[in-house]
Amino acid sequence: MMVSHNLRMIEGQPLELSAVLDGLLQDSLITKNQHQQLTKLHKQGHRKDEHPLITISEQGWQTSSMPAFPLTLEYLTRWLAEHAGLPYYRIDPLKIDVESVTNSVSQAYATRFHFLPVEINDRVLTVATAEPSIRQWETELSHVSRRKIARVIANPRDVERYLVEFYGVSRSLYGAASTDRKSLSDLTNLETLTELGKVGEPDANDQHIVHIVDWLLQYAFEQRASDIHLEPRRDKSNIRFRIDGILHQVHEVPTKVMGAITSRLKTLGRMNIADKRRPQDGRIKTLTPSGKEVEMRLSTMPTSFGEKMVLRIFDPQYLSKSFAELGFTRQDREAWEQMAKQPNGIILVTGPTGSGKTTTLYSTLKQLASPRVNICTVEDPIEMIEPQFNQMQVQSNIDVDFATGIRTLLRQDPDIIMIGEIRDLEPANIAIQAALTGHLVLSTLHTNDAPSAVTRLMDIGIQPFLISATLLGVIAQRLVRTLCPHCKKPGPVDAESWNILVAPQKIAVPKKTFVANGCDECRNTGFLGRLGLYEILTMTPEIRKIIRPGVSATELRNLALSNGMRTLRLSGANKVAAGLTTLEEIFTVVSYRDTESD
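Colleague: Just give me the short version of the overall build of the protein chain, but keep the residues and values in it.
Modeller: Broken down by element type, the protein chain carries 23 helices and 20 strands. In the structure as shown, the protein chain presents an accessible area of about 28,400 Å², 50% of it carried by carbon and sulfur atoms. Taken as two groups, the 69 positive and 69 negative side-chain charges of the protein chain have centres that lie 2 Å from each other.

Have a look at this one:
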């Protein structure tokens, strides 16, 4: 008998539900009544083959001790680790070298003894299990692997799941890499080394490739990735996910397998798989494992080692988010809604690529949509399909550009027009004419702040009096990571950095704010999710008067500030003071140079 604290465990035997219930009762985490009810169900054959921690977690119980909290599977796993005297381990697939760990132990052996290899180096093989008393494999595995074995306790559901997923992906990668068949088409790798007797890339419709692509997409949805990067290299190619604005390495695959993965995705996106020399765009609409619709935009680029592909993932759930959830303050929301309620004029959203402009525009259009209005868009490409809009895509190969698209929309009796981007004079002029003839026009522009949008329009050739007559307002935006609510902790504020951020205004340093800490929920980054910073320039009579040839962005900015415009920096300062993010995070999107220019 092996006893650890008050948890009864029998050497070489799986955990028993009765033993776990006894331990929880002795720790005052459950009541006698709960113990008796579940014991009775178990004796009647209820889920006898299920791990006891999973059975208990699915009861939805709260602890009997005060303050009460839910007995989740993660909490129960930590409790088991403490009583077993072993470290707790949260399995994070992004941090596991799947190829190395699956090569260290066979799936049959790992499944037989209910464990999962999670880390390996020259000296130690770390193995995760939810069965601390099953350890007869330890000596044998140590001998075979020639490494010391470090046991850790992990969530039993994760152990079961990744035993299947990790080994399944490894088998598919191995099967795809070793498939002996001719290439669908010649590789266009500019750095290809000629190796006699070697075959080309495997078939994109091979079952191994289908499985890898399915796993990759499902994995990206679960990890909240906004983009998937498939990057070919000479021998091993990279798969990376962008999560909360930061790229994370996910996997390395043989380059010939990467070519087949790219071909499979191009097939799904209705792209030309034979043409690997020119950039292409495509689209995939699919369902997540939970049944939620997700759209992906595909883009390929020929590189020295083959086609690089980026899949941008658009979650329609964001369109149903309120402006407050996107990061708008009450003042921001009122100013923006006041502009959007106007019957005609132009509203511009500015910011760099990936700053959330599309989400802001779509969310606004979604709120404006009704059976009484005709909303038409022209985009390059269409970001997300929305049934309430009439959406048109720019297709340069058949001479359908933004200007042609806008002219077409104007003949479709629109009330509201959304133009994906104003890039040059012709679409800008047509947008101005649409606003002058009674339409509300929304579009994007690439500028660093809101006042610069006015000077940018003049730079591309729009007459100042036309800008003054039609422009309703401009919103500049950025995205910053938000502190993880599970682990953020109070911390000091750097007074010098704070004063630089809010200059030239003199706003008192907050007495209390929060700093990043790191936990399992946020992968020890300290951040979880992103939020918008907004700078809204509303066109007042005073601002309209100074829009003339030669006016500078600084003049416009100073007047806008005196009229109540709140800068991106002040928006960031509000988020810091509210404990939503950090000063360091704000300065990643608003540089010191920008702050000193005022």
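Colleague: So what's going on with helix α9 (residues 207-222)? Residues and values would help.
Modeller: One turn of the α-helix equals 3.6 residues, which is why residues spaced by three or four share an orientation. Here α9 spans 23 Å end to end across 16 residues, near enough to the 22 Å set by a 1.5 Å rise per residue. Residues of α9 that are buried: I209, V210, I212, V213, W215, L216, L217, Y219, A220 and F221. Remark: R224 follows α9 within two positions and exhibits a positive phi of approximately 65 degrees.

Colleague: How would you summarise unusual backbone geometry if you had to cite specific residues and measurements?
Modeller: Cis peptide bonds are those with omega within 30 degrees of zero, and the linkage from A503 to P504 qualifies with 5 degrees. Looking at the element boundaries, P504 is found in the loop between α18 (495-502) and β19 (513-515). Residues other than glycine seldom take positive phi values, yet S28 does so here, at roughly 60 degrees. Topologically, S28 is positioned in the loop between α1 (17-26) and α2 (32-43). A relative accessible area of 42% places S28 in the partly exposed class. Phi is positive for D244, close to 55 degrees, though the residue is something other than glycine. Note that D244 resides in the loop between β7 (236-243) and β8 (246-254). A residue is classified by how much of its surface remains accessible, and D244, at 12% relative accessible area, is buried.

Colleague: Tell me about the pattern of salt bridges, residues and numbers included.
Modeller: Within this structure, the stated rule accounts for 25 salt bridges. A salt bridge links E138 to R151; the shortest N-O distance between them is 3.6 Å. Note that E138 is positioned in helix α7 (residues 138-145) and R151 in strand β5 (residues 148-153), a separation of 13 residues in sequence. In terms of burial, E138 and R151 fall into one category: buried. In this structure, R224 engages D244 in a salt bridge whose closest nitrogen and oxygen atoms are separated by 3.1 Å. Of the two residues, R224 is situated in the loop between α9 and β6 (227-231) and D244 in the loop between β7 and β8; the sequence distance between them amounts to 20 residues. Three or more residues joined by partner-sharing salt bridges are found here, namely R135, E138 and R151.

Colleague: Can you tell me about helix α14 (residues 402-410), naming the residues and giving the values?
Modeller: Turning to α14, its buried residues number three or more, namely F402, A403, G405, I406 and L409. Buried residues of α14, seen end-on, are gathered within an arc of 160 degrees and therefore sit on one face of the element. In the core, the buried residues of α14 are packed alongside β13 (375-379), β14 (390-393), β15 (416-419) and α15 (425-436).

Colleague: Can you lay out empty space enclosed by the protein for me, pointing to particular residues and giving the numbers?
Modeller: Enumeration according to the criterion identifies two cavities of 30 Å³ or more in this entry. Empty space within the largest cavity amounts to approximately 50 Å³. R8, M9, I10, Q13, P14, L15, E16, A19 and S133 are the residues that line the largest cavity. Broken down by class, the residue content of the lining of the largest cavity amounts to five nonpolar, two polar and two charged. By volume, the second largest cavity amounts to about 30 Å³. If you go around the second largest cavity, the residues you meet are T329, D332, Y534, R566, S571 and N574. Looking at the lining of the second largest cavity residue by residue, the classes come out as one nonpolar, three polar and two charged.

Conventions adopted
Residues numbered from 1 in each chain as written. Predicted model: local features only at pLDDT ≥ 70, side-chain atom pairs only at ≥ 80, totals over all residues. Heavy atoms only, no water. Helix = DSSP H or I, 4+ residues; strand = E, 2+ residues; numbered from the N terminus. Areas by Shrake-Rupley, 256 points an atom, 1.4 Å probe, with all protein chains shown as cover. Lys, Arg positive; Asp, Glu negative; His and termini not counted. Charge placed at Lys NZ, Arg CZ, Asp CG, Glu CD. Expected span 1.5 Å × (residues − 1). Buried < 20%, exposed > 50% of the residue type's maximum accessible area, 1.4 Å probe, protein only. Salt bridge = Lys/Arg side-chain N within 4 Å of Asp/Glu carboxyl O. Arc of directions from axis to C-beta. Contact = heavy atoms within 4.5 Å. 1 Å grid on protein atoms, 1.4 Å probe; cavity = no way out; pocket = protein on both sides within 12 Å on 5 of 7 lines; lining within 4 Å. Points joined across faces, edges and corners; volume = space filled by probe spheres on them. Nonpolar A, V, L, I, M, F, W, Y, C, P; charged D, E, K, R; others polar.

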